Amino acid sequence: MEPSAGDRFLRLLIEHTDDPVLLETTVRAARGRSELVAALPEEETRRHTRALVHGVLAALEDGEPGEEVLAAAERLGSDRARQGVPVAAFLDGFQAGRAHLVRALVADGRRMGVPDAALLDGVTRIDEITTALVQRMVHAHRVAELEMARTVREGRLQMLRQLLHGESVPVLAPLDPHAAYHCVVSDVSDPAVAGRLESALTAAGPGLCGLVDGRLAALVARLPGPRAPATGSPGPLLVAAPPARPGEIAPMYALGRRALRAGAAAGLTGVRELADLALLTATEAEPELGGLLAAALLTGLDPGEPFHRELAETALAYLDHGGRIEPTAAALHVHGNTVKYRIRRFQELAGRPLLDPGAGAAVSRTANWWWALHRWLARSGA
């Protein structure tokens, strides 16, 4: 009995399955379409091409791709991901090889007298099969990419944690053991917020970010601006230490965390240099001593009196602005005469001047006032 046109096409494909010439030209077509595929060993492309051609034949015989050919497609996608070939590049090579194979089969089919309708039907079936294979390849490629990214990221995060905790570990990419990095600490624990901050921190230069001790920490070569680029607002408090080499960063992390606690208690936001928070950090660490200063200097103020709290806040702003009236008034959004009145009333209640350069030891006297006011306000607001 004369074989049907479909059987003739299938027989044609069977005859070409082990054709070494067709296999080699298909391999060349795939490698010629994608530079990244061409950079792989030629036997690697040949191995996958042979497996997929045999798989397509089996699928044509069985009516649909079996688990073996689908598994081969998944291996191809996974292998290309692990070899660093992007999905678009390896699909270019795959489609080029498929197109070459189909053209060769159609040309031979016509020479053998296979009707165009049978050839079209055969090509359509091949397209259906290869579409299913492409879906498996892309999925496997994506899964492998995610697994590799997670593995790489987990390794980098572990290195970050060990460096910040002072452990002796090899410093690997993306860090340079001889370069200096700012240690940045925050109180951000929400992964979504941490992800946005990570983008802002690493946009200014190379670095490494992650959740350490439950909070976002980073080592970055350069600091971002004082305002978050995405929102235009200062954002959460970020304390940035001076640059240090990775192996010397642990003390900066410990200091940064102390400064972070002090800055958060003071209501600070945005990116702050660790050095700028030195006095605040040191005084925050000795609350009892601050309480003694407050008791000695602010005996005339009543913590339960709102007006006295207003006077203390004005006095603190006055010290922060170098004893200048107009900057203090601008910071408090009041008139300059209001600042003068409050400072006068504060000094009357305290029984001594806030600033008295003529008395000597002006720096320590000012620091004591500043410390006492901070502590008194913290306790009266509790």
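What counts and how
Residues numbered from 1 in each chain as written. Predicted model: local features only at pLDDT ≥ 70, side-chain atom pairs only at ≥ 80, totals over all residues. Heavy atoms only, no water. Helix = DSSP H or I, 4+ residues; strand = E, 2+ residues; numbered from the N terminus. Pairing = 2+ DSSP bridges. Axes fitted to C-alpha atoms, helices over the stretch in contact; angles between N-to-C directions. Contact = heavy atoms within 4.5 Å. UniProt positions renumbered as here; feature names shortened; annotations may be inferred. Buried < 20%, exposed > 50% of the residue type's maximum accessible area, 1.4 Å probe, protein only. Parallel < 35°, antiparallel > 145°, perpendicular 65-115°, else oblique. Left-handed = near helix turned anticlockwise from the far one by under 90°. Nonpolar A, V, L, I, M, F, W, Y, C, P; charged D, E, K, R; others polar. Disulfide = S-S within 2.5 Å.

Focus on unusual backbone geometry
Okay, so step 1: Geometrically, the link from A173 to P174 is a cis peptide bond, its omega value of 10 degrees lying close to zero.
Okay, so step 2: As for its placement among the helices and strands, P174 is situated in the loop between helix 7 (116-164) and strand 1 (182-186).
Okay, so step 3: With a phi angle near 55 degrees, D213 is a residue other than glycine that sits in the positive phi range.
Okay, so step 4: For D213, the location among the structural elements is in the loop between strand 2 (207-212) and strand 3 (215-220).
Okay, so step 5: Notably, H333 is not glycine yet its phi reads approximately 60 degrees, a positive angle.
Okay, so step 6: Here H333 is to be found in the loop between helix 13 (325-332) and helix 14 (336-350).

Things to note about the sheet that holds strand 5 (residues 271-273)
Okay, so step 1: Within the open sheet, the five strands sit side by side as 2-3-1-4-5. Their pairing is mixed. Edge positions in the sheet fall to strand 2 and strand 5, since each has one partner strand and no second. Direction aside, neighbouring strands of the sheet carry axes that sit 20 degrees apart on average.
Okay, so step 2: Running at roughly 35 degrees to strand 1, helix 9 (residues 250-265) makes contact with strand 1, strand 2, strand 3 and strand 4 (238-240) of the sheet.

Digging into the UniProt feature "domain: RsbT co-antagonist protein RsbRD N-terminal" (unreviewed entry) in the protein chain
Okay, so step 1: According to UniProt, the feature "domain: RsbT co-antagonist protein RsbRD N-terminal" (unreviewed entry) maps to residues 22-154 in the numbering used here.
Okay, so step 2: Across residues 22-154 one finds 88% helix and 0% strand; the C-alpha atoms that close the span lie 45 Å apart.

Quick word on the environment of I249
Okay, so step 1: Within the element layout of this structure, I249 appears in the loop between strand 4 and helix 9.
Okay, so step 2: I249 sits in the buried class, given a relative accessible area of 0%.
Okay, so step 3: Sequence separation between I249 and H165 is 84 residues, and the spatial gap between their C-alpha atoms is 8.7 Å.
Okay, so step 4: Excluding its chain neighbours within four sequence positions, the residues that come into contact with I249 are L163, L164, Y181, C183, L219 and A244.

So, the environment of A285
Okay, so step 1: You can see A285 is positioned in the loop between helix 10 (278-284) and helix 11 (287-297).
Okay, so step 2: Among the residues examined, A285 registers a relative accessible area of 41% and is labelled partly exposed.
Okay, so step 3: Between the C-alpha atom of A285 and that of R261, which follows or precedes it by 24 residues, the distance is 9.6 Å.

Let's talk about the pairing of strand 1
Okay, so step 1: For strand 1, a buried count of five out of five residues is recorded, marking the element as mostly surrounded by other parts of the structure.
Okay, so step 2: Across four bridges, strand 1 lies against strand 3 in antiparallel orientation. Within strand 3, the residue paired with C183 across the bridge is L219.
Okay, so step 3: Across three bridges, the pairing between strand 1 and strand 4 is antiparallel. Counted as the bridge partner of V185 is V239 from strand 4.

Focus: the packing of helix 12 (residues 306-320) against helix 13
Okay, so step 1: Where helix 12 contacts helix 13, the two axes come as close as 9 Å, and the packing angle between them is 125 degrees. Our classification of the angle between helix 12 and helix 13 gives oblique. In the packing of helix 12 onto helix 13, the handedness of the crossing is right-handed. Across the interface between the two elements, T314, A317 and Y318 from helix 12 touch I325, T328 and L332 from helix 13.
Okay, so step 2: Looking at the contact of helix 12 with helix 13, its residues break down into four nonpolar, two polar and no charged.

Thoughts on the state of the cysteines
Okay, so step 1: Counted under the stated rule, the structure contains zero disulfides.
Okay, so step 2: Here C183 stays unpaired: no disulfide links it, and the sulfur of C209, its closest cysteine neighbor, is 11 Å away.

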